[in-house]
Amino acid sequence: MEHSMNTSIEHENKEAIIQDLMENYGTAILHLVYSYVKDAALAEDLTQEIFVKSYHHLHTYNGTSKMTTWLWRIAINHCKDHLKSWYNRKVTVSEQEQLEQTKDASTTEDAVIQNHIDHELAGAVMDLPDKYREVIYLHYYEDLSTREMADVLNKNENTLKTRLKRARVLLKQRLGGTL
């Protein structure tokens, strides 16, 4: 659900808009954030920060683009800022903790095989450089067109088409040509 707004937003209206955005796009933003930080707990924290930031900057939304595009830009920029931060560069999670977070309790053979395939694909996507990972995520997981990605990422549409093509080639190479 998209909104059109005036530059002056009443406090009650502001809360209702943010509540609506959280309900409709909270999971999608969480998945996007996770694609950047690769840590579920951190992704949840950053997602909360993104919605707080959106609430405080709602007055800056000018209606020239979709509200979701505005929200995606805030989320992507917040993730990139976090990844550049001192905390992210200096504090790391142990490998054992990462393994414990990714354990799957599934016992059936089909579930194990599917989990392995999903994990391999997700791992290959997560290992891509940011510029390729974000276009793969937005295109395949959020089902955005290259035009919509261009709006969200503030990049040329042809640049994103090229990145998407290169990302597919990289994924195919990393998965041994199984794509």
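Residues numbered from 1 in each chain as written. Predicted model: local features only at pLDDT ≥ 70, side-chain atom pairs only at ≥ 80, totals over all residues. Heavy atoms only, no water.

### Observations concerning unusual backbone geometry
Apart from glycine, the bulk of residues carry a negative phi angle, and the bulk of peptide bonds sit in the trans form. Phi at lysine 38 takes a positive value of approximately 60°, unusual for a residue other than glycine. The topology assignment puts lysine 38 in the loop between α1 (11–37) and α2 (40–56). (Helix = DSSP H or I, 4+ residues; strand = E, 2+ residues; numbered from the N terminus.)

### Quick word on the pattern of salt bridges
Using the criterion set out here, one finds six salt bridges in the structure. Residues arginine 133 and aspartate 130 are paired through a salt bridge, measuring 2.3 Å at the closest nitrogen-oxygen approach. Note that arginine 133 and aspartate 130 are positioned in helix α7 (residues 130–141) at a spacing of three residues, about one turn of the helix. One salt bridge in this structure joins aspartate 151 and arginine 147, with 2.9 Å as the shortest N-O distance. Taken as a pair, aspartate 151 and arginine 147 lie in helix α8 (residues 146–153) at a separation of four residues, close to a single helical turn. Bridged by salt links that share partners, the residues Lys80, Glu134 and Arg163 form one connected network. (Salt bridge = Lys/Arg side-chain N within 4 Å of Asp/Glu carboxyl O.)

### Some remarks on the packing of aromatic side chains
Summed over all chains, the structure comprises two aromatic pairs. Note on tyrosine 61 and tryptophan 70: the rings are 5.7 Å apart at their centroids and 65° apart in plane angle, and the pair reads as edge-to-face. Residue tyrosine 61 shares its accessibility class with tryptophan 70, and that shared class is buried. If you follow lysine 14 out to its NZ or CZ, it ends over the ring of tyrosine 55, 4.6 Å from the centre. (Phe/Tyr/Trp six-rings, centres within 6.5 Å; stacked < 30°, edge-to-face > 60°. Buried < 20%, exposed > 50% of the residue type's maximum accessible area, 1.4 Å probe, protein only. Lys NZ or Arg CZ within 6 Å of the ring centre and 35° of its normal.)

### So, a nonpolar patch on the surface
Taken together, the side chains of Leu121, Tyr140 and Tyr141 make up a nonpolar region of the molecular surface, amounting to roughly 310 Å² of accessible area. Within the secondary structure, tyrosine 141 sits in helix α7. (Patch = residues over 30% accessible without salt bridge, like charges linked within 9 Å, V, L, I, M, F, W, Y side chains within 5 Å. Areas by Shrake-Rupley, 256 points an atom, 1.4 Å probe, with all protein chains shown as cover.)

### Things to note about the layout of surface pockets
In this structure, the second largest pocket spans a volume of roughly 170 Å³. Among the elements of the structure, α3 (67–84) and α8 are those that each provide at least two residues to the lining of the second largest pocket. Of the residues in the lining of the second largest pocket, the class split is four nonpolar, three polar and four charged. (1 Å grid on protein atoms, 1.4 Å probe; cavity = no way out; pocket = protein on both sides within 12 Å on 5 of 7 lines; lining within 4 Å. Points joined across faces, edges and corners; volume = space filled by probe spheres on them. Nonpolar A, V, L, I, M, F, W, Y, C, P; charged D, E, K, R; others polar.)

### With respect to the nonpolar core
The biggest cluster of nonpolar side chains holds 43 residues, and the ones touching the most others in it are Leu21, Ile29, Leu32, Val33, Leu71, Trp72 and Leu138. Mapped onto this core, the elements with two or more residues apiece are α1, α2, α3, α6 (109–126), α7, α8 and α9 (157–174). Of all the elements, α1 adds the most residues to this core, at 10 residues. For valine 33, the residues in contact, after removing those within four places along its chain, are Ala43, Leu46, Thr47, Ile50 and Cys79. (Core = buried A, V, L, I, M, F, W, Y, C linked by side-chain atoms within 4.5 Å. Contact = heavy atoms within 4.5 Å.)

### As for the packing of α7 against α9
Across the interface, α7 lies against α9 with an axial gap of 9 Å and an inter-helix angle of 95°. Considering their axes alone, α7 and α9 lie roughly perpendicular with respect to each other. For the pair α7 and α9, contact is made by Lys131, Tyr132, Glu134, Val135, Ile136, His139 and Tyr140 and by Leu160, Arg163, Leu164, Arg166, Ala167, Arg168, Leu170 and Leu171, respectively. A breakdown of the residues in the contact of α7 with α9 according to their chemical character gives nine nonpolar, one polar and five charged. (Axes fitted to C-alpha atoms, helices over the stretch in contact; angles between N-to-C directions. Parallel < 35°, antiparallel > 145°, perpendicular 65-115°, else oblique.)

### Some words on α3
With 18 residues, α3 should reach 26 Å at 1.5 Å per residue; the first-to-last C-alpha distance of 26 Å fits that figure. Those residues of α3 lying buried are Met67, Thr68, Thr69, Trp70, Leu71, Trp72, Ile74, Ala75, Ile76, His78, Cys79 and His82. (Expected span 1.5 Å × (residues − 1).)

### Description of the environment of lysine 161
Position of lysine 161 relative to the elements: it lies in helix α9. Residues lysine 161 and serine 145, spaced 16 residues apart in sequence, show a C-alpha to C-alpha distance of 9.7 Å.

### Some points on the confidence of the model for the protein chain
Residues with a pLDDT of 70 or more make up 74% of the protein chain, whose mean pLDDT is 79. Taken as a whole, residues 1–8 scores under 50 in pLDDT and shows 15 contacts with residues more than four places along the chain or in a different chain. (pLDDT = per-residue confidence, 0-100.)

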